[in-house]
Amino acid sequence: MKVRFKKLSPQAIVPTYAHNGDACFDIYALGDMEKPVDIRPGGAAAIPTGISFEVPMGYVMLVFSRSGHGFKHGVRLGNAVGVIDAGYRGELQVALHNDGRARFKVAHGDRIAQAMIIPRPVIELEEAGELSDTSRGAGGLGSTGA
């Protein structure tokens, strides 16, 4: 499957797969070559990528945090998972939130997120007066004893 993208800046870095067989491709920061973005503990920043995508109809691009950011620095995506719909053609920006105890710097060319493109099923929602019974029923938080 080919997915078209556009560099919105000559300095934008083309997304890449780090290893053959990886589920996600890496997304890179587009920034000031001289001055990194400094995200203080408890703070957040929107990081530009300089890339826009043409997600095919019937698909969605999901953007995730990098596991190393979370485990090593306490940094995550500000919106948990980014959802890029097939109709969106604007720049992909990545909101990073620093839950860690130290400042987190993002420089031009840093890997800031990872993304995958997956099929999006067409779901027909149907209102019903009753739903089918299951062994769990309406049991929610902690209902299984865990």
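Everything below is about the structure printed above this text.
Treat the numbers as computed from the prediction; the structure is a model and nothing was measured. (Residues numbered from 1 in each chain as written. Predicted model: local features only at pLDDT ≥ 70, side-chain atom pairs only at ≥ 80, totals over all residues. Heavy atoms only, no water.)

Colleague: Explain the pairing of strand β8 (residues 91-98) residue by residue, including any values.
Modeller: Regular strands place their side chains on alternate faces of the sheet. Summarising the sheet, strand β4 (residues 44-54) and β8 pair through six bridges and their orientation is antiparallel. Within β8, the position partnered with Ala45 by the bridge is Leu96. (Pairing = 2+ DSSP bridges. Helix = DSSP H or I, 4+ residues; strand = E, 2+ residues; numbered from the N terminus.)

Colleague: Residue-level account of the side chain of Arg66, with values.
Modeller: Summarising the element assignment, Arg66 is placed in the loop between β5 (59-64) and α1 (67-73). Here Arg66 is in contact with Asp26, Arg111, Ile112, Ala113 and Gln114, once residues within four sequence places are set aside. (Contact = heavy atoms within 4.5 Å.)

Colleague: With reference to specific residues and values, describe the nonpolar core.
Modeller: Ranked by internal contacts, the top residues of the largest apolar core, which has 25 residues, are Ile27, Phe53, Met61, Val63, Leu96, Val106 and Ile112. Of all elements in the fold, only β2 (25-28), β4, β5, β6 (75-77), β8, β9 (104-106) and β10 (111-119) reach the threshold of two or more residues within this core. Those residues in contact with Val106, other than ones at most four positions away along the chain, are Ala29, Pro36, Val37, Ile39, Ile47, Leu96 and Ile112. (Core = buried A, V, L, I, M, F, W, Y, C linked by side-chain atoms within 4.5 Å. Buried < 20%, exposed > 50% of the residue type's maximum accessible area, 1.4 Å probe, protein only.)

Colleague: Describe in detail the packing of aromatic side chains, supporting the description with residues and values.
Modeller: One pass over the structure, following the stated rule, counts three aromatic pairs. With a centroid separation of 6.5 Å and an interplanar angle of 50°, the aromatic rings of Phe5 and Phe53 are classed as tilted. One end of the pair, Phe5, is in strand β1 (residues 4-7); the other, Phe53, is in strand β4, and 48 residues separate them in sequence. Residue classification places Phe5 among the partly exposed positions, given a relative accessible area of 37%. (Phe/Tyr/Trp six-rings, centres within 6.5 Å; stacked < 30°, edge-to-face > 60°.)

Colleague: Tell me about the side chain of His97, and please be specific about residues and values.
Modeller: Turning to its location among the elements, His97 is positioned in strand β8. Overall, His97 belongs to the buried group, its relative accessible area being 19%. At a separation of 2.8 Å, a polar atom in the side chain of His97 contacts the side chain of Asp99. (Polar contact = N/O pair within 3.5 Å; in protein donor to acceptor, adjacent residues only side chain to side chain.)

Colleague: Lay out the pairing of β5 with the relevant residues and their values.
Modeller: Alignment of β5 against β10, held across six bridges, turns out to be antiparallel. Note that in β10 the partner of Tyr59 across the bridge is Pro119.

Colleague: Describe the sheet that holds β8, and please don't skip the residues or the numbers.
Modeller: Here we have four strands laid out as an open sheet, ordered β1-β4-β8-β6, and antiparallel in their pairing. Looking at strand neighbours, the two that pair on one side only are β1 and β6, the edges of this open sheet. For this sheet the average axis-to-axis angle between neighbouring strands, irrespective of direction, equals 40°. Judged from the three bridges that link them, β6 and β8 form a sheet pairing that is antiparallel. Each bridged residue has a counterpart across the sheet, and for Arg76 the counterpart in β8 is His97. (Axes fitted to C-alpha atoms, helices over the stretch in contact; angles between N-to-C directions.)

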